[in-house]
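# Structural characterization, general
Listed below are the residues making up each chain.
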Amino acid sequence: MISSATFHVVTTELVVGAFSVSGLCFTLCLLVHFDILKQASWKTMFDHVAHFTLAFGLAATPFAILSGISSSPGEGMNSPILVNKMFLSMTGFGFALGCIIGRWRLGATVWSTTKSSVLHGSSGLAACGAMLLTASAGGTFTRGESLLDIFHLPYEHVILFPVLLSLVTLILGVVMLALGWRRMAVASSIH
């Protein structure tokens, strides 16, 4: 039987690897969409890889979260870094889930217009960024250092969504919900 700490390391590496590949492929999809990369035939490949690895990382995330909670020293959430890791991982999970559902519901048409490409690519990249920040916070917690130390991120302070950030998040959520409903209503009227 392996310990929860070892299992956490394995699942964390799966999540970080999957989200890193997904973020790279979302970036390449956007570069192809804006004709910075001139290989239009690559778009389908990058799209499939981005979403497959995003779904794989999404499936591994709950295992990383649960094993991380059970392997943390003390009585669970007694460190501000651990609380920030939970916030960041849940935010990344939400962005990834929204991105996967959007791609599943709309198909490859998410890349058909510039507005939808930017929105879809940005949500995929936000998911990847949140998960990589989570991993960086984990490195700070376990080793006292991380790859992103050059940015001096405030992992030791729990960000409890200040009013401005809450308003921006609420407005963004309502707009995305309204656009999604509008898009589903238009798609259902065609059938």
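Provided above is the structure to which this section pertains.
Residues numbered from 1 in each chain as written. Predicted model: local features only at pLDDT ≥ 70, side-chain atom pairs only at ≥ 80, totals over all residues. Heavy atoms only, no water.

## Some thoughts on the pattern of salt bridges
- Across all of its chains, the model carries one salt bridge by this definition.
- A salt bridge links Asp47 to Arg103; the shortest N-O distance between them is 2.5 Å. Note that Asp47 is positioned in helix H2 (residues 42-71) and Arg103 in helix H3 (residues 80-106), a separation of 56 residues in sequence. (Salt bridge = Lys/Arg side-chain N within 4 Å of Asp/Glu carboxyl O. Helix = DSSP H or I, 4+ residues; strand = E, 2+ residues; numbered from the N terminus.)

## Some remarks on helix H4 (residues 114-143)
- For H4, which comprises 30 residues, the first-to-last C-alpha distance of 42 Å matches the rise-based estimate of 44 Å (1.5 Å per residue) to within 8%.
- Two residues or fewer past H4, Gly144 is found with a positive phi of approximately 80°. (Expected span 1.5 Å × (residues − 1).)

## Considerations on the packing of aromatic side chains
- Applying the stated criterion across every chain yields a total of two aromatic pairs.
- Consider the rings of Phe26 and Trp111, whose centres lie 6.4 Å apart with planes at 40°: the pair is tilted. Of this pair, Phe26 sits in helix H1 (residues 4-33) while Trp111 sits in the loop between H3 and H4, and the two are 85 residues apart along the sequence.
- For Trp111, a relative accessible area of 5% translates into the label buried.
- Centre to centre, the rings of Trp42 and Phe46 are 5.9 Å apart; their planes meet at 80°, and the pair counts as edge-to-face. Of the two residues, Trp42 and Phe46 both sit in helix H2, four residues apart, roughly one turn of that helix.
- Residue class for Trp42 comes out partly exposed when judged on its relative accessible area of 35%. (Phe/Tyr/Trp six-rings, centres within 6.5 Å; stacked < 30°, edge-to-face > 60°. Buried < 20%, exposed > 50% of the residue type's maximum accessible area, 1.4 Å probe, protein only.)

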